[in-house]
Structure formats: structure tokens, C-alpha cells
Amino acid sequence: MRNDKTELFERTPVVKALLTMAIPTVVSQLITMIYNLADTFFIGMSEDPYKVAAASVVTILFFMLNSLANLFGVGGGSLLSRLLGEKREEDARRVGTFSVYGSIVVAAVYSLICFIFTEPLARLLGASDNTVGYASNYLFWVVVIGGIPSTMGFTISHLLRSAGYSKESGTGLAIGGIANIILDPLFMFVILPKGNEVTGAAVATLISNTITLIFYLFVYYKLRGRTVLSLSPRFIKLEGSLVRGVFAIGLPSAITTTLANITAIVKTNITASYGDIEVAAYGIVVKADMLPLNIGMGLCQGMMPLVAYNYASKNYERMRAFTRTAQLAGIAVACSFIAISEIFAPQIIWIFIRNEATIAYGKNFLRIACLATPFMISNFQKIYCLQAMGKGKESLILGVFRQGLFAIPTLLIMNHLIGLYGVVSAQIISDGITFIFSTLIYRRVYSALKREISANGI
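Residues numbered from 1 in each chain as written. Predicted model: local features only at pLDDT ≥ 70, side-chain atom pairs only at ≥ 80, totals over all residues. Heavy atoms only, no water.

(A) Region of the structure containing the overall build of the protein chain. Scanning the protein chain for helices and strands turns up 17 helices and zero strands. For 458 residues, the compact-globule formula gives about 23 Å, and the C-alpha radius of gyration of the protein chain, at 21 Å, lands near that figure. Expressed as lengths along the three principal axes of its C-alpha atoms, the size of the protein chain is roughly 65 × 45 × 35 Å. Once local pairs closer than 6 in sequence are excluded, the contacts in the protein chain between residues at least 24 apart make up 84%. With the model as given, the accessible surface of the protein chain reaches about 17700 Å², and the carbon-plus-sulfur share is 67%. (Helix = DSSP H or I, 4+ residues; strand = E, 2+ residues; numbered from the N terminus. Rg over C-alpha atoms; globule rule 2.2 N^0.38 Å. Contact = heavy atoms within 4.5 Å. Areas by Shrake-Rupley, 256 points an atom, 1.4 Å probe, with all protein chains shown as cover.)

Next comes the structure, spelled out in C-alpha cells:
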């Protein structure tokens with residue numbers, strides 16, 4: 001079966017093709033960011049920093065669902081795009097189907113673990129006696145009950161984009177985000193009794209992610225016969241080489257995301273040692289920092305299928321044009337965010353909570369944290385390019401360097417030397433060092449590619 005997006009991958013002008021893929025993804029990422037912020041915003045309306053801190057603490061376990069989705073969504077999606085570039089549509093269909101059902105299995109196991117160890121996990125993440133009850137309730141609804149629909153939805157979103165259906169992928173995320181923004185205040189302030197704001201936010205998130213999944217299932221139904229994407233169980237079985245191809249990219253992506261969450265856990269625990277107000281302030285800064293990172297991530301996700309397809313079809317000049325264009329756009333986004341954060345930091349924190357002590361910490365945290373944005377977006381783009389090219393080993397090295405080798409030791413050292421503000425500043429240092437290594441590895445890969453082009457006369 002021929003994929004109906006060949007024109008987009010092969011002949012559409014570079015800027016237009018990138019915009020076609022990236023704009024829906026960026027918009028959906030921004031709406032997803034807004035609904036993530038909505039939980040913090042509406043919980044903050046209770047003017048209870050303990051509730052804000054509780055949601056901030058266990059949000060990390062929700063983000064772990066992204067790691068599971070990356071295992072099959074990024075791994076399967078990258079391979080699917082490359083198989084399409086090689087005109088191997090039947091193998092692409094099997095990879096896509098295997099990835100969907102694989103995500104269901106790993107999400108079920110993760111949800112069960114979170115159910116059995118709910119309170120210990122909340123404590124491990126930094127929940128105190130004041131916040132553990134709220135944190136456990138949030139975790140139950142968002143991860144234990146909502147783990148499978150969330151992970152399955154994230155995975156299908158990646159697969160749709162990898163097959164060229166960025167608009168449909170983005171629309172699903174946008175629908176879920178808008179639903180969450182509507183449902184948050186409804187469950188928090190109308191349906192559930194006062195004092196249950198955290199539970200209300202969690203239930204709203206669960207329902208919203210389920211709505212996204214239902215939309216994606218409908219899209220799969222509509223696209224039947226026009227694309228390689230399928231949910232038929234008869235396509236689950238893969239040859240060993242294809243399974244290895246999924247995990248060659250998916251596993252490094254999942255490990256990198258997991259390490260990022262472990263780093264966030266360490267950072268939250270260190271921050272928690274300074275007090276719940278500090279945790280609330282830092283949690284808000286992390287949410288605000290999502291704006292440029294989600295735009296940058298949208299650019300990366302829109303770029304990735306285009307790079308993968310053209311790499312597999314050996315159209316290296318077109319592939320390189322996509323990476324350069326995305327990099328320039330990412331730099332512009334990062335610089336704009338720094339300017340806005342430095343000028344309007346107090347106002348940004350005030351949007352989420354009116355507590356003066358939290359604002360006092362938050363504005364200072366934000367002005368420091370925003371400086372890491374250019375390095376972070378640049379590192380993301382290099383990792384995504386390597387994943388698109390099937391360079392799992394190189395992308396894993398960068399991920400481990402960034403989140404394991406550099407991030408956690410830098411956190412511990414900066415906390416020891418400077419204290420709380422050293423914790424916030426650690427991201428700049430670790431991502432700055434990673435930027436140097438990522439640039440070296442990236443250039444090495446491209447140098448090897450140039451030698452191959454010269455040797456084969458491509």
C-alpha cells in the first residue's frame with residue numbers, strides 16, 4: 001500500500017514541508033502545555049501552596065508515561081519513516097501496529113507498579129506529610145487509571161506524524177488540551193466538594209487524555225486503505241531485525257526521557273529540603289519553562305519524519321536543509337523567551353499563584369532557569385536528528401551525558417556550593433557542557449555521511 005504523503009516528503013519545498021509538519025505539532029504542543037499549566041493555574045486558585053507542591057511532585061510520574069510512549073512512538077515512528085523512504089510499506093505497517101500494542105503492555109505494567117507503591121513513590125519524589133495525600137490522589141487518577149489511554153495516545157500521535165499526518169496528530173493533542181482546560185474548573189470547583197481541587201484536576205486530565213485516544217482511533221478508522229497505519233492484530237508480529245530497529249531508537253529515547261525524569265526527581269527532592277513554598281515556586285517555573293521547550297519540541301517532532309524519510313531515500317541535501325531550518329527557528333524561540341522572562345518574571349509567576357512568598361522565589365528562579373533554553377533546544381534537535389537517522393548509539397550517548405553524567409552531579413555540586421539558587425542554575429551548566437559534546441558528535445556523524453556521499457558519488 002502506497003503512503004499518500006509521498007509528495008510532502010519528497011518534493012514539497014523545504015520551508016513549506018517543515019511548516020506543514022511543524023505548525024500543527026507546535027500548536028498541539030502549546031495547547032498541551034496550556035492544559036498542563038491549567039492544573040497548576042486552577043490548583044493555585046485555592047491559594048494553597050501545599051496543593052500546588054503536591055501536583056508538581058507527582059507530575060514527574062505522569063511524564064514517565066512519555067518515556068514509555070517514546071519507547072514505541074519515537075522508536076517505531078523513526079523506523080516507520082525510514083521504511084517509507086525505502087518504499088517498504090508492508091514492513092512499515094507491521095512496525096506501526098507492533099508499536100501501538102507494545103505501548104499498551106508496558107503502560108499496563110507501569111500503572112500496576114504505581115498502584116501498588118503509590119504512597120512510597122510520592123514520598124520518594126519529595127511529598128511531605130502536608131502534601132502526600134494530595135499527591136497520592138493525583139497519581140491514582142492520572143497514572144494508575146489513566147496510564148494506558150495516555151501512553152497509547154502519545155504513541156499513536158508519534159506514529160501519525162511519522163507517516164506524514166502531522167495535522168491529525170496535532171489535532172488530537174489539541175482536542176485533549178482544550179477538553180482539559182474546560183473540565184479542570186468543572187471538576188475542581190463545581191462537581192467535587194471544596195478541598196478536592198487536586199483530585200478534580202487529575203480526573204479532568206484522565207478524561208481529556210481518553211478523549212484524545214478516542215479521536216486517534218477514529219482517525220485510524222478514517223485513514224484505513226490510504227495509509228500504512230493499522231490496528232489489526234494480525235500485523236503485530238515482526239521479524240527480529242525490525243524489532244531491533246524499533247528498540248535501537250526507542251530504547252535510547254525512553255532511557256533519555258527516564259533519566260530526565262530521574263534528574264527532575266533529584267532536583268525536586270533537593271528543593272523539597274528547603275521547604276514546600278520553594279517546591280511550589282520551582283514547580284511553577286518548570287511549567288513556565290515549558291513554553292519554549294514545547295515549541296522547540298514541536299519543531300523537532302515535525303522535522304524528524306522529514307529527516308528520517310530523506311535519510312533513508314539518500315536525499316541528503318534535502319535532509320540537511322530541514323535540520324538547518326529547524327535549528328535557526330529554535331534559536332529564535334529561545335532568545336525570545338529569555339527576553340520575556342527577564343522582563344516579566346514576577347507577572348508570569350503571579351499568573352499561577354498570588355502567594356507573595358512563592359512569587360518572590362519564583363521570579364528569581366525563572367530569570368535564572370530561562371538562560372538554559374538555547375542549549376536545551378539545540379541539544380534536543382541534535383538528538384532528534386540522530387534518532388531520525390537511526391543513530392541509536394549516538395543519541396543514547398548524548399542522552400546519558402546530558403541527564404546522567406552531567407545533570408545530576410552538577411545538581412549535587414551546585415547545591416553544596418551555592419544552595420537553592422545553585423540547584424536552579426545547574427541546568428545552564430549541564431546543558432552548556434552537553435551542547436559542546438552534542439556538537440562534536442553531530443559533526444562526526446555528518447562528516448562520516450559526507451565521506452559516504454563522496455565514496456558512492458551520491
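So much for the structure itself; the text now carries on.
(B) Summary view of the pattern of salt bridges. For the coordinates displayed, the defined rule picks out seven salt bridges. The closest approach of N and O atoms between Asp-91 and Arg-88, which form a salt bridge, is 3.0 Å. Relative accessible area serves as the criterion here: at 34%, Arg-88 is assigned to the partly exposed category. In this structure, Arg-123 engages Glu-119 in a salt bridge whose closest nitrogen and oxygen atoms are separated by 3.8 Å. With a gap of four residues between them, Arg-123 and Glu-119 both fall in helix 5 (residues 118-124), about one helical turn apart. Because the salt bridges share partners, they merge into one network encompassing Glu-7, Glu-10, Arg-11 and Lys-87. (Salt bridge = Lys/Arg side-chain N within 4 Å of Asp/Glu carboxyl O. Buried < 20%, exposed > 50% of the residue type's maximum accessible area, 1.4 Å probe, protein only.)

(C) Looking closely at the nonpolar core. Counting residues in hydrophobic clusters, the biggest one holds 73 residues, and the most contacted among them are Ile-156, Leu-160, Leu-229 and Met-319. Residues within four places of Met-319 in sequence aside, it is in contact with Val-307, Asn-310, Tyr-311, Met-389, Tyr-446 and Leu-449. By size, the runner-up hydrophobic cluster in this structure holds 59 residues, among which are Ala-53, Ala-122, Ile-284 and Ile-338. (Core = buried A, V, L, I, M, F, W, Y, C linked by side-chain atoms within 4.5 Å.)

(D) A look at the environment of Glu-90. Mapped onto the fold, Glu-90 is located in helix 4 (residues 89-116). Residue classification places Glu-90 among the partly exposed residues on the basis of a relative accessible area of 35%. Separated by 39 residues in the primary sequence, Glu-90 and Asp-129 place their C-alpha atoms 54 Å from one another.

(E) A look at the packing of helix 7 (residues 147-162) against helix 9 (residues 197-223). Interhelical geometry of helix 7 versus helix 9 gives an angle of 40° and a closest axis separation of 9 Å. Taken together, the axes of helix 7 and helix 9 are oblique relative to one another. Both helix 7 and helix 9 take part in a crossing whose hand is left-handed. Together, Pro-149, Ser-150, Met-152, Gly-153, Ile-156, Ser-157, Leu-159 and Leu-160 of helix 7 and Asn-209, Thr-210, Leu-213, Tyr-216, Leu-217, Val-219, Tyr-220 and Leu-223 of helix 9 make up the contact between the two elements. The residue makeup of the contact of helix 7 with helix 9, split by class, is eleven nonpolar, five polar and no charged. (Axes fitted to C-alpha atoms, helices over the stretch in contact; angles between N-to-C directions. Parallel < 35°, antiparallel > 145°, perpendicular 65-115°, else oblique. Left-handed = near helix turned anticlockwise from the far one by under 90°. Nonpolar A, V, L, I, M, F, W, Y, C, P; charged D, E, K, R; others polar.)

(F) Here's a closer look at the side chain of Glu-394. Mapped onto the fold, Glu-394 is located in helix 16 (residues 392-417). Aside from chain neighbours lying at most four places away, what touches Glu-394 is Leu-386, Ile-441 and Val-445.

(G) Expanded view of empty space enclosed by the protein. Enumeration over the complete set of coordinates arrives at five cavities of 30 Å³ or more. Contributing to the lining of the largest cavity are 50 residues, with Phe-63, Asn-261, Leu-293, Met-297 and Phe-380 lying nearest its centre. Looking at the lining of the largest cavity residue by residue, the class counts come to 24 nonpolar, 21 polar and five charged. Empty space within the second largest cavity amounts to approximately 90 Å³. Along the wall of the second largest cavity there are 13 residues; nearest its centre are His-158, Arg-161, Ser-162, Met-304 and Pro-305. For the lining of the second largest cavity, the elements supplying multiple residues, two or more each, are helix 3 (49-85), helix 7 and helix 12 (290-312). In terms of residue count, helix 3 provides more of the lining of the second largest cavity than any other element does, five residues in total. Tallied by class, residues from the lining of the second largest cavity come to five nonpolar, seven polar and one charged. (1 Å grid on protein atoms, 1.4 Å probe; cavity = no way out; pocket = protein on both sides within 12 Å on 5 of 7 lines; lining within 4 Å. Points joined across faces, edges and corners; volume = space filled by probe spheres on them.)

(H) Inspection of helix 7 at higher detail. The terminal C-alpha atoms of helix 7 lie 23 Å apart, and with 16 residues this matches the ideal 22 Å at 1.5 Å per residue to within 8%. Taken across its 16 residues, helix 7 has 15 buried, putting it largely inside the fold. (Expected span 1.5 Å × (residues − 1).)

(I) Structural view of helix 11 (residues 276-288). With 13 residues, helix 11 should reach 18 Å at 1.5 Å per residue; the first-to-last C-alpha distance of 18 Å fits that figure. Of all 13 residues in helix 11, eleven are buried; the element is thus mostly enclosed. For helix 11, the complete set of buried residues consists of Asp-276, Glu-278, Val-279, Ala-280, Ala-281, Tyr-282, Gly-283, Ile-284, Val-285, Lys-287 and Ala-288.

(J) Broad picture of unusual backbone geometry. In this structure, Lys-87 is a non-glycine residue whose phi angle is positive, near 65°. With a relative accessible area of 44%, Lys-87 lands in the partly exposed category. Phi at Lys-314 takes a positive value of approximately 65°, unusual for a residue other than glycine. Within the secondary structure layout, Lys-314 lies in the loop between helix 12 and helix 13 (316-352). Judged by relative accessible area, which is 43%, Lys-314 ranks as partly exposed.

(K) Summary view of a nonpolar patch on the surface. A surface patch of nonpolar side chains, about 680 Å² in accessible area, is lined by Val-105, Val-109, Leu-112, Ile-113, Phe-115, Ile-116 and Phe-117. Among the secondary structure elements, Leu-112 is positioned in helix 4. (Patch = residues over 30% accessible without salt bridge, like charges linked within 9 Å, V, L, I, M, F, W, Y side chains within 5 Å.)

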